[in-house]
Amino acid sequence: MALIPCPECGRMVSPNAEECPHCGAPIKELLAKQEIDTPVDNQQDVPITISDRSPLPQKEQSPEKVIVDNSKREEPDNRQAVPARNAAIDTPQQKTEKKKAPKGIILLIIGLLLLVGGVGFWFYYTNVYLPEKRDAEAPRYYVMAQNINMRSSPEFEADYNKIGTFPYGTEIIVYDSVKTGLKPYLYGKYAPRDAKGKVIKEKVVEGYLAYDYMATKADFFMLNSIFGNDDARKMLSESRYKKALLDYFKKNHYKGNISRDKMIEYGINPNATQSWQVFCRHEKATSNNVYRSRKYKKDSKYPDLAVIIKNINGYERRLLYFVFDDDETFRLLLQQPAPYSGYMKDRTLKLKNADNGGYYVEVEYE
């Protein structure tokens, strides 16, 4: 029968022995206990044959084998202890909380992004989009007078409220207008642009302007096309003269020197066919195509206006004579042919009564 090592001293003994003959350990009792505590091993014991039954020397014992056997007996305990520690650390509830934590952070980040985006959109909408939309839809008016003052309030006789002065032709973006009453006015913004077309923000200003000295886009470019040269514009610098001349052109479906495409672009009636203009000499010249005097009413607040217009597609010229009431209301008193050339000589104009109850002008030309 194969011998086995004693569980206590390690010497070889018979598995059927009651006690170890070497150390007296209860062999059967220890083997029975070992079978209960130790899992079944598929490996079979290798039979050992002993030719010499004499006890083996102590130095030839194999403590490593005993250690191996002890480690095999302790393995089940180690394997059982590890799951217990893990179960105490990662419970199902803790695993669920770990899974929920990243999702909550993501939702928080999304909320913050939406908040920042909403604030940015609101700022852009109120400070950029709406003002640009308002400006794009607002009508444009242009300064008709030589110069006009912009004011912080619609009090046009005072000096304390002046905030800017703009010359003839300045564009104003108009937000509001009152065209009737004692003080008709426009409220708008002056927004100059640089060479690249960008608004120069530091020069932008808003305020009130006198309505009577402003013209719509169509009227301004129509009026500007009537002046044949810069001297003509200077000789007709007063707004009441410009309004009278513009009214005459519009009623007779005349135009100045302007193309049909530009007329359509500026909103001018493109059906006007005849082109007429005013040509003048320097304002200090002793003869000219504009003549101002009080011939119709000696005590009139504003002088009368005699002006010669020329058909730029032919040689025809015409003398127009306007009179003005104290509120600057104008009317055409007469129109008559003028010589093909020559300028009205200063201090020679006379207003005469015609046989038909009307008037005509006598004047010398040079």
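The structure we're discussing is the one just above.
Residues numbered from 1 in each chain as written. Predicted model: local features only at pLDDT ≥ 70, side-chain atom pairs only at ≥ 80, totals over all residues. Heavy atoms only, no water.

1. Digging into the overall build of the protein chain
Part 1 of the argument: A tally of helices and strands in the protein chain yields 7 helices and 19 strands.
Part 2 of the argument: Out of the 366 residues in the protein chain, the part that is buried amounts to 32%.
Part 3 of the argument: For the protein chain, restricting intrachain contacts to residue pairs at least 6 apart in sequence, the fraction spanning at least 24 positions comes to 51%. (Helix = DSSP H or I, 4+ residues; strand = E, 2+ residues; numbered from the N terminus. Buried < 20%, exposed > 50% of the residue type's maximum accessible area, 1.4 Å probe, protein only. Contact = heavy atoms within 4.5 Å.)

2. Topic: the pattern of salt bridges
Part 1 of the argument: Applying the stated criterion across every chain yields a total of 11 salt bridges.
Part 2 of the argument: Of the charged contacts, one joins K162 and D159 as a salt bridge, the two residues approaching to 3.5 Å between their closest N and O atoms.
Part 3 of the argument: The structure contains a network of salt bridges with shared partners spanning D230, R233 and K234. (Salt bridge = Lys/Arg side-chain N within 4 Å of Asp/Glu carboxyl O.)

3. A look at the nonpolar core
Part 1 of the argument: With 37 residues, the main nonpolar core has L245, F249 and V278 as its most contacted residues.
Part 2 of the argument: Taken together, the elements giving at least two residues each to this core come down to α4 (217-226), α5 (230-235), α6 (239-251), α7 (260-266), β14 (304-311) and β15 (317-324).
Part 3 of the argument: Once you skip the residues sitting within four places of it in the chain, L245 turns out to touch I226, L236, V278, V307, I309, L320 and F322. (Core = buried A, V, L, I, M, F, W, Y, C linked by side-chain atoms within 4.5 Å.)

4. Concerning α6
Part 1 of the argument: Under the 1.5 Å per step criterion, the end-to-end length of α6 is 18 Å for 13 residues, consistent within 8% with the ideal 18 Å.
Part 2 of the argument: Taken as a whole, α6 has its buried residues at S239, R240, Y241, K242, A244, L245, L246, Y248 and F249.
Part 3 of the argument: H253 occupies a position one or two residues after α6 and carries a positive phi of about 60°. (Expected span 1.5 Å × (residues − 1).)

5. Some words on the environment of R140
Part 1 of the argument: The residue R140 is located in strand β3 (residues 140-143) in this model.
Part 2 of the argument: On a C-alpha basis, the gap between R140 and Y175 in space is 9.3 Å, while along the polypeptide they are 35 residues apart.
Part 3 of the argument: When sequence neighbours within four positions are dropped, the list of residues in contact with R140 reads D135, E171, I172, I173, A215, T216 and K217.

6. Here we look at the pairing of β15
Part 1 of the argument: With respect to burial, β15 is a largely interior element, 8 of its 8 residues being buried.
Part 2 of the argument: Along β15, one buried face is formed by R317, L319, Y321 and V323 and the opposite face, lined by R318, L320, F322 and F324, is buried too.
Part 3 of the argument: If you look at the hairpin formed by β14 and β15, you'll find 5 residues sitting between the two strands.
Part 4 of the argument: Relative to strand β16 (residues 330-338), β15 is paired through 8 bridges, and the arrangement is antiparallel. Note that in β16 the partner of L320 across the bridge is Q335. (Pairing = 2+ DSSP bridges.)

7. A few points about a nonpolar patch on the surface
Part 1 of the argument: Together, F121, Y124, Y125, Y129 and L130 make up an exposed nonpolar region whose accessible area comes to about 500 Å².
Part 2 of the argument: In this structure, Y129 sits in helix α3 (residues 92-137). (Patch = residues over 30% accessible without salt bridge, like charges linked within 9 Å, V, L, I, M, F, W, Y side chains within 5 Å. Areas by Shrake-Rupley, 256 points an atom, 1.4 Å probe, with all protein chains shown as cover.)

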